[in-house]
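# Structural characterization, general
One letter stands for each residue in the lines below.
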There are 2 protein chains.
Amino acid sequence: MVNAWTQLRINKDRLIRRIEDLAKIGGLEGGGVCRLALTQEDKLGRDQVVTWMKELGLSVTVDKIGNVVGTRPGELSGPAVMTGSHIDTVRTGGPYDGNLGVLAGLEVAQVLNDAGVKTKHPFSVAFFTNEEGSRFAPDMMGSLVHQGVLDLDEALLTKGIDGTTVQENLKNIGYDGAEEVGQCRAHAFVELHVEQGPVLEIEDVTIGAVDGVQGISWTELTIGGVSNHAGTTPMSMRTDAGYAAAAITCFVRKLAEEIGHPQVATVGMVKLSPNLVNVVPNKAVMTVDLRHTCEDTLLSAEKRFFEFLEELKEKEGVSIEHRSLARFEPVVFAEEMIQRVEAQAKTLGYSVKRMPSGAGHDAQIFAPSCPTSMIFVPSVKGISHNIEEFTEASDIEAGGNVLLQVLLDKLMNE
Amino acid sequence: MVNAWTQLRINKDRLIRRIEDLAKIGGLEGGGVCRLALTQEDKLGRDQVVTWMKELGLSVTVDKIGNVVGTRPGELSGPAVMTGSHIDTVRTGGPYDGNLGVLAGLEVAQVLNDAGVKTKHPFSVAFFTNEEGSRFAPDMMGSLVHQGVLDLDEALLTKGIDGTTVQENLKNIGYDGAEEVGQCRAHAFVELHVEQGPVLEIEDVTIGAVDGVQGISWTELTIGGVSNHAGTTPMSMRTDAGYAAAAITCFVRKLAEEIGHPQVATVGMVKLSPNLVNVVPNKAVMTVDLRHTCEDTLLSAEKRFFEFLEELKEKEGVSIEHRSLARFEPVVFAEEMIQRVEAQAKTLGYSVKRMPSGAGHDAQIFAPSCPTSMIFVPSVKGISHNIEEFTEASDIEAGGNVLLQVLLDKLMNE
């Protein structure tokens, strides 16, 4: 016989109404949202979500870094099965990034309430402070402190782009909570999020079963050459920092293609000096962004990258200084959780594929301490961090139902 | 019997003092000069040279494109024997490029004054607006308009790298003159210039008798791609304007090496948008500078370049718009003038060789309308468009004396 709870489904219209209502707070002309972390817009957004949590009978706690957790009790009093994400946005954000995961969690709570489901484990819906990092570094600050990875005081004293601290801003908006941080544990963690990339749409797949988060390696290069006259300096006598930058850009592209998917390599920033049409550049500053889901592969990509820099210095006579801007190891999600996402998607009749996350998410901070996974739904044209961010209602419904069933699967069982 | 004027020599110290004084205007930390065309620094440099012209009793005119001509009368009232060059510099220029030709012209005027020489033809010393083209395209703008090759109004409406027009800037610095342009003719034109290349130094030759100028092809490319998240967009799904710019930079380098000396190819300017470490560039603006002494070879280099752009658009899915910033066919100087330079150099006891100019110079604009040549003196290590640009005092003296005698040869005879 089939458990009754497997028949439960979310209410798409109710979820989308909450997404639209929350998007009005900090809403931008012509669509999009600006609710930078710990601003007045963020406060109003938080107040709205807390109001909804209380309407749903959840017991709400706010911790010392401003993370908000709404909990529905279970038969057991142990750690909760958690879902959640963030409601802060980038300066020109969309209505779905983060918000979908939080509001889908509320929708799950409402489904459980309406059906009068008693779960074995408690169920918690959380939103975490400053996931975007647009106003305060590092990003994912709330979940990092929540899990004891980032020191609370260090986080509180962090100064933002306007020079004010996290602590001041938490006080200003009244979210400097009493709940302790750093010991919080979950029975499991699942986060629903928009893909923010083009893969699901292009491959016409509804659900992404996220198997991990890419490791990230950011390097800044400063290349030194000799500026000289573009007409009178034979090619053989040049020390061209601009050519070196171009050769590096072409190399990392080739490197990524040779290693193959999911390796990505991006040169997003290049600045030449003096940057004039008729002068051989004597300086180039550029960034190289390498990402892969496997640490060993990422390490070997970095190794080949730095070997190429040595060859280039030798061949072109340029100097090359390098500085690491960021380095995160890949995160691997729990196989059992990934399989649950795949299984529930199939049961519900949705196409599904395993895929890594190319971006950072709160879920990755939970992965070391409890079984964790994520559910991706398609982003139209892969657009995110942009006011044109959009996800189809049918995909939101699909993601919400997979989230509901994966959570129930953990909530009802050992 | 020998004409007395053949015994005249320039005053090396006086010429070098003027070079040093002018180099202080817009002087850079650690040497070098920045007097971009029509900036306040250019104005102050122009004011200084005009002051010297007036001290030498030259009648000074400023034309509608800001070219300044100082004239010493002759027995005849026809076209003048002209010398001159430019005093604008690149962003990191040296004290000799252009300035030497103008100040050596003033030194010649002073020698004629001190010796009380009455010349048959009038003698003019000129400096031309925006020869470098670092701030406004095309380069050699002043001489092009002076000779009626470039339309005055088109030149005046040209927008520079900061979006302001030549006209606005001429007004700002007070060099929007009254003198008509386009009908000006010279009896002959001779320009003294530093080689800006390594050939004379390497071959231990003092004087270059310039027999022509390389053809120049400047193209600005605007490449359109799609800005995407550097982490979530697989390599196969990218339209990367930054990569396309790099591929073009590497292609033109290879193209120049395949064609071989004296073909040169330079990508001096690249600007990416949004130019952020974790965003695939959606736009790149860049310049490509191709030069060769043979027009047919230059044409085939351009053909292969544009063929590559078509392949790249096809392969990468980017859009590429191209705009010609400058196009000059190679120039051949008048045999009689080249021979005069060779003859005077030998008479004065200097080693001399015929050579083409790798750079564009104002003289080439005069070549079609009057007997024209140039005199090159060595650039140490071939360095120019660089704060380390240097030419030995003895070579400056040699070049000045050859200029003096070539000019007198034309000034005193039919």
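Before going into details, it helps to say that this report is about the structure given with it. Note that residues are indexed from 1 along each chain, following the sequence as it is written. Starting at A for chains and at 1 for ligands, labels are handed out in the order in which the entities are written. Under the rules for a predicted model, residues below a pLDDT of 70 receive no local features and side-chain atom pairs below 80 are neither given nor counted, while totals for whole chains, interfaces and linings still include all residues. For the side-chain quantities, the full set of heavy atoms in the structure was used; hydrogens and water were omitted.

## Side note on the packing of aromatic side chains
Residue and element names in this part refer to chain B. Where we set the bar: Pairing of aromatic rings covers Phe, Tyr and Trp, the last counted by its six-membered ring, and requires centre-to-centre distances within 6.5 Å; plane angles under 30 degrees mean stacked, over 60 mean edge-to-face, and any other angle means tilted. Helix and strand labels come from DSSP, where a helix needs a run of H or I of at least four residues and a strand needs a run of E of at least two; each type is numbered from the N terminus. Partly exposed describes any residue whose relative accessible area lies between the buried limit of under 20% and the exposed limit of over 50%, with all areas from a 1.4 Å probe on protein chains only and scaled to the type maximum.
All chains considered together, the criterion is met by 12 aromatic pairs over all chains. Geometrically, the ring pair formed by F128 and F189 is tilted, given 6.2 Å between the ring centres and 50° between the ring planes. Of this pair, F128 sits in the loop between β4 (123-127) and α4 (141-146) while F189 sits in strand β5 (residues 188-194), and the two are 61 residues apart along the sequence. Of the residues examined, F128 reaches a relative accessible area of 2% and is grouped as buried. Judged by centre distance (4.2 Å) and plane angle (15°), the ring pair of F189 and F366 falls under stacked. Within this pair, whereas F189 is found in strand β5, its partner F366 is found in helix α11 (residues 362-366), the two being separated by 177 residues in sequence.

## Some remarks on the interface of chain B and chain A
In plain terms, the rule: What makes two residues a contact is simply this: any of their non-hydrogen atoms within 4.5 Å. Accessible area that two parts lose when put together, with a 1.4 Å probe and added across both, is what the buried area reports. For salt bridges, the criterion is a side-chain nitrogen of Lys or Arg within 4 Å of an Asp or Glu carboxyl oxygen. Whenever a nitrogen or oxygen atom comes within 3.5 Å of another N or O atom, the pair is scored as a polar contact, on the condition that within protein one atom can donate a hydrogen and the other can accept it, and that pairs from neighbouring residues in sequence are kept only if both atoms are in side chains. Three residue categories are used. Nonpolar comprises Ala, Val, Leu, Ile, Met, Phe, Trp, Tyr, Cys and Pro, charged comprises Asp, Glu, Lys and Arg, and polar comprises the others, including Gly.
Between chain B and chain A, the contact holds 59 residues from the first and 55 residues from the second. Across the chain B/chain A interface, buried area totals approximately 4700 Å², and carbon plus sulfur atoms make up 61% of it. When the buried surface of chain B facing chain A is broken down by residue, B:M235, B:R253 and B:V277 rank first, second and third, together holding 15% of it. Inspection of the chain B/chain A interface yields two salt bridges. The closest approach of N and O atoms between A:E316 and B:R253, which form a salt bridge, is 2.6 Å. Inspection of the chain B/chain A interface yields 16 residue pairs in polar contact (both at pLDDT 80 or more). The element contributing the most residues to the side of chain B that touches chain A is helix α8 (residues 241-259) of chain B, with eight residues. Looking at the side of chain B that touches chain A residue by residue, the classes come out as 25 nonpolar, 24 polar and 10 charged.

## What about helix α2 (residues 40-55) of chain A?
All names here are of chain A. Where we set the bar: To estimate how far a helix should reach, multiply one less than its number of residues by 1.5 Å. For this quantity, the arc is that covered by the directions from the helix axis to the C-beta atoms.
Here α2 is 16 residues long and its end C-alpha atoms lie 23 Å apart, about the 22 Å a rise of 1.5 Å per residue gives. Looking only at α2, the buried set comprises D42, G45, R46, V49, V50, W52 and M53. With its buried residues spanning 160° around the axis, α2 presents them on a single face. Away from its buried face, by an angle of more than 90 degrees, α2 presents the exposed residues K54 and E55. Residues of α2 that are buried in the fold lie against α1 (12-24), β1 (59-62), β2 (68-72), α3 (99-115), β4 (123-127) and α6 (166-173). Of the residues flanking the end of α2, it is G57, one or two places downstream, whose phi is positive at about 80°.

## A word on the side chain of B:T89
Residues and elements named next belong to chain B. Mapping T89 onto the fold places it in the loop between β3 (81-85) and α3 (99-115). Residue T89 is classed as buried on the basis of its relative accessible area of 2%. A distance of 3.5 Å separates a polar side-chain atom of T89 from the backbone oxygen of V33. In this structure the side chain of T89 is engaged in a polar contact, spanning 2.7 Å, whose partner is the backbone nitrogen of R35. Once residues lying within four places of it in the same chain are set aside, the contact partners of T89 are V33, C34, R35, L36, N99 and E132.

## Topic: the layout of surface pockets
What counts, and what does not: Any residue with an atom within 4 Å of a point lines the site, the site being either a cavity, points on a 1 Å grid over the protein atoms alone where a 1.4 Å probe fits but cannot get out, or a pocket, an open set with protein on both sides within 12 Å along at least 5 of 7 lines. Grid points are joined across faces, edges and corners, and a volume is the space filled by probe spheres set on the points.
Estimated volume of the largest pocket: approximately 1300 Å³. Forming the boundary of the largest pocket are 44 residues, of which A:W218, A:H385, B:H229, B:N278 and B:V279 lie nearest the centre. Every element with two or more residues in the lining of the largest pocket is listed here: β7 (215-224) and β11 (319-328) of chain A. Per element, the largest residue contribution to the lining of the largest pocket is three residues, and it comes from β11(A). Taken together, the residues of the lining of the largest pocket sort by class into 17 nonpolar, 19 polar and eight charged. Considering only enclosed or pocket space, the second largest pocket measures out at about 710 Å³ in volume.

## Observations regarding the nonpolar core
Rules: To form a nonpolar core, buried Ala, Val, Leu, Ile, Met, Phe, Trp, Tyr and Cys residues must be joined to one another through side-chain atoms within 4.5 Å. Each domain span listed reflects an automatic or database assignment of domains.
Core analysis: the biggest nonpolar cluster contains 98 residues, and B:V49, B:I65, B:M82, B:L106 and B:F333 have the highest contact counts within it. Ranked by residue count, the leading element in this core is helix α12 (residues 393-412) of chain B, at 10 residues. Taken domain by domain, this core gets at least three of its residues from each of domain 1 (4-214 + 331-412) and domain 2 (217-328) of chain B. Here B:I65 is in contact with B:T129, B:M141, B:G142, B:V145, B:L152, B:A155, B:L156, B:V166, B:L170 and B:V181, once residues within four sequence places are set aside. Ranked by size, the runner-up nonpolar core spans 92 residues in total, among them A:V69, A:V111, A:A345 and A:L348.

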